[in-house]
Amino acid sequence: MTLADPRILRTSTTADFLATVPAICGFTARNSLVVIPFSGKRGAGGFRFDLPDDHRTATLTAVAKAIPEFVRRLPGSDGVAVIVYTDGTFAERRGTPHLDLWRAIHPRLRRSGLSIKEAAVVAADGWASYLDPGRPLEGHPLSAIAESHMALEAAYHVDRIADLDAWGALPTPDPELARRVSVAIDDLVHFRERVDGFGIAHPFSPDPVSLAERVMSVPASALGSNLLAEVVAICDAPATRDVLLIALAGGRERGERALQSQIDAWERHAATGEQFDDQARAELAREPSDDDLIMVGRSRFRPRAERLEASIEMLRRAATHAPLTRRAGTLCVLTWMLWARGLMSAAHEMHALARERNPELRMVETLEWLLASGHPEWGYRSSGVQN
């Protein structure tokens, strides 16, 4: 499932509406079922499911049952639009693709009392509305969506639209950049030095909060070997990895509080010998702060979608250029960011890569529990709560 922030776009035809869906949802989707909850006439973001792998009744029923359950958890939602995106074609089906899926969904939505705003399929060779009994067997031409005046208007409502299909795998690395990243990591880890652009070595002291601000200030594609190496090195150490995660998702102030918490834990360990696991268990006995709940997705604070997406792009670039033996930590933080953004399929893929690289890593185990527990709670709330 993927949730995005609300957009305000007014449409009058199905083609116009389909032209706005990427802007409303904040992503493009392939082989997906996209659901847009409505509050009155306003579409409140969107979430997605993978299309079912088979057409068995039990499989279709499970998907159909999940949709109204998700929508009803969003405060104020009283309507819904459902769009199927598929690489299949009208020609292959000799009719409307995934009509059996819609026939499973429709009665569930009707019984739930949700108003059905739209239901459509966008295939490789055309589109159609499931609500139109006179839809052509070959579908309507895709040009009606691409050439809709709403496509241009929708583009003005978003800075960027995420390509979810790309986030399910790491990008192809640049061999020369990977070599430089490996050398820079060795300098940081073994010599505790950071070499600047002029070849001058400086003492390296890990600062995950400052690092988060630096990597977020430039596009991921512009990050060079030194910054990427620093990300990988900091993600390799549990204490700094957790702080970087919070600073990336929540900003400098939350990152600084997380860093101070780690410093307090180290000082307590040095003074009393109390182990970190024992400290963690003691923390569980008290009322957790909102910052404590960010990692498990239960905080009132909701990370901004654009910040999570920028972090995802940065971590993908860092992970793909990291030496295989040092990828696991970065992949774990990437998995968390994808999960926090609601990208469950991509999160599972990155978690599998992290487990492959280091199955003994504690965060790999933690993420397995987190992914099994479902979506973060902030995904079911309005995006208004930011502090």
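Residues numbered from 1 in each chain as written. Predicted model: local features only at pLDDT ≥ 70, side-chain atom pairs only at ≥ 80, totals over all residues. Heavy atoms only, no water.

Draft legend 1. Fine view of unusual backbone geometry. Unusually for a residue other than glycine, N31 sits at a positive phi of about 45 degrees. The topology assignment puts N31 in the loop between strand 1 (27-28) and strand 2 (32-39). (Helix = DSSP H or I, 4+ residues; strand = E, 2+ residues; numbered from the N terminus.)

Draft legend 2. Focus on helix 10 (residues 238-250). With 13 residues, helix 10 ought to run about 18 Å at 1.5 Å a step, and its terminal C-alpha atoms sit 18 Å apart, in line with that. Within helix 10, 10 of the 13 residues are buried, which leaves the element mostly enclosed by the surrounding structure. All buried positions along helix 10 are accounted for by T240, R241, V243, L244, L245, I246, A247, L248, A249 and G250. Following helix 10 by one or two positions, G251 adopts a phi angle in the positive range, close to 95 degrees. (Expected span 1.5 Å × (residues − 1). Buried < 20%, exposed > 50% of the residue type's maximum accessible area, 1.4 Å probe, protein only.)

Draft legend 3. A look at helix 16 (residues 362-373). Here helix 16 spans 17 Å end to end across 12 residues, near enough to the 16 Å set by a 1.5 Å rise per residue. Within helix 16, the full set of buried residues consists of M363, V364, L367, L370 and L371. Seen from one end, helix 16 has its buried residues packed into an arc of 120 degrees, which puts them on one side. Residues of helix 16 that are exposed and point over 90 degrees away from its buried face: R362, E365 and A372. G374 sits one or two positions beyond helix 16 and adopts a positive phi of about 105 degrees. (Arc of directions from axis to C-beta.)

Draft legend 4. Highlighting the nonpolar core. Counting residues in hydrophobic clusters, the biggest one holds 61 residues, and the most contacted among them are W336, M337 and L338. Every element with two or more residues in this core is listed here: helix 7 (175-190), helix 8 (208-216), helix 9 (225-236), helix 10, helix 13 (305-321), helix 14 (328-340), helix 15 (344-357) and helix 16. Ranked by residues supplied to this core, first place goes to helix 14 with 10 residues. Leaving out residues up to four positions away in the same chain, W336 has contacts with L245, A249, I294, M295, L308, L367, L370 and W378. Within the second largest apolar cluster, 29 residues are counted, among which are V82, W102, L109 and A123. (Core = buried A, V, L, I, M, F, W, Y, C linked by side-chain atoms within 4.5 Å. Contact = heavy atoms within 4.5 Å.)

Draft legend 5. Quick peek at the environment of S129. Structurally, S129 can be placed in strand 7 (residues 127-129). With residues near it in sequence (within four places) discarded, S129 still touches T14, E118, A119, A120 and R135. A polar side-chain atom of S129 sits 2.9 Å from a polar atom in the side chain of E118. Here A119 takes part through its backbone oxygen, which lies 3.3 Å from a polar atom of the side chain of S129. (Polar contact = N/O pair within 3.5 Å; in protein donor to acceptor, adjacent residues only side chain to side chain.)

Draft legend 6. The pairing of strand 2, seen in detail. Counting buried positions along strand 2 gives 7 out of 8 residues, so the element sits mostly inside the fold. Pairing geometry for strand 2 and strand 4 (residues 47-50), over 4 bridges, is antiparallel. If you follow S32 over to strand 4, its bridge partner there is D50. Taken together, the 7 bridges between strand 2 and strand 5 (residues 79-85) define a ladder with antiparallel strand orientation. By the bridge assignment, P37 is partnered in strand 5 with V80. Across 2 bridges, strand 2 lies against strand 3 (residues 42-43) in antiparallel orientation. Residue pairing in the sheet places F38 in a bridge with G43 of strand 3. (Pairing = 2+ DSSP bridges.)

Draft legend 7. Spatial organisation of the confidence of the model for the protein chain. With 83% of its residues at a pLDDT of at least 70, the protein chain reaches an overall mean of 85. No element of the protein chain has a lower mean pLDDT than helix 12 (residues 276-284), at 56, and none a higher one than strand 7, at 96. Long-range and interchain partners of residues 1-7, a stretch whose pLDDT sits below 50, account for 45 contacts in this model, where long-range means more than four residues apart. Under a pLDDT of 50 for its full length, residues 382-387 has, in the predicted model, 14 contacts with residues more than four places off or in other chains. (pLDDT = per-residue confidence, 0-100.)

Draft legend 8. Layout of the packing of helix 15 against helix 16. Two numbers describe how helix 15 lies on helix 16: the axes approach to 10 Å, and their chain directions differ by 155 degrees. With respect to their mutual orientation, helix 15 and helix 16 come out roughly antiparallel. When you trace helix 15 past helix 16, the crossing you get is left-handed. Contacts between helix 15 and helix 16 involve M344, A347, H348, H351, A354 and R355 from the former and V364, L367, E368 and L371 from the latter. Per-class residue counts for the contact of helix 15 with helix 16 are 6 nonpolar, 2 polar and 2 charged. (Axes fitted to C-alpha atoms, helices over the stretch in contact; angles between N-to-C directions. Parallel < 35°, antiparallel > 145°, perpendicular 65-115°, else oblique. Left-handed = near helix turned anticlockwise from the far one by under 90°. Nonpolar A, V, L, I, M, F, W, Y, C, P; charged D, E, K, R; others polar.)

Draft legend 9. Main features of the packing of aromatic side chains. Going through the model one piece at a time under the given rule, you end up with 6 aromatic pairs. A ring pair is formed by F49 and F70, whose centres lie 5.3 Å apart and whose planes are at 50 degrees; its orientation type is tilted. You can see F49 sitting in strand 4 and its partner F70 sitting in helix 2 (residues 57-72), a full 21 residues away along the chain. Both residues of the pair, F49 and F70, belong to the buried class. Taken together, a centroid distance of 5.7 Å and an interplanar angle of 5 degrees make the contact between W102 and Y130 stacked. In this pair, W102 sits in helix 4 (residues 99-112) while Y130 sits in the loop between strand 7 and helix 5 (143-146), placing the two residues 28 residues apart along the sequence. A relative accessible area of 6% means that Y130 is categorised as buried. Aromatic ring contacts, followed pair by pair, group F47, F49 and F70 into a single cluster. (Phe/Tyr/Trp six-rings, centres within 6.5 Å; stacked < 30°, edge-to-face > 60°.)

Draft legend 10. Region of the structure containing the packing of helix 2 against helix 4. Here helix 2 crosses helix 4 at 40 degrees, and the two axes come no closer than 8 Å. Two packed elements cross with a definite hand, and for helix 2 against helix 4 that hand is right-handed. Along the contact surface, helix 2 presents L60, T61, V63, A64, K65, I67, P68 and R72, while helix 4 presents D100, L101, A104, I105, R108, L109 and S112. Here the residues of the contact of helix 2 with helix 4 sort into 9 nonpolar, 2 polar and 4 charged.

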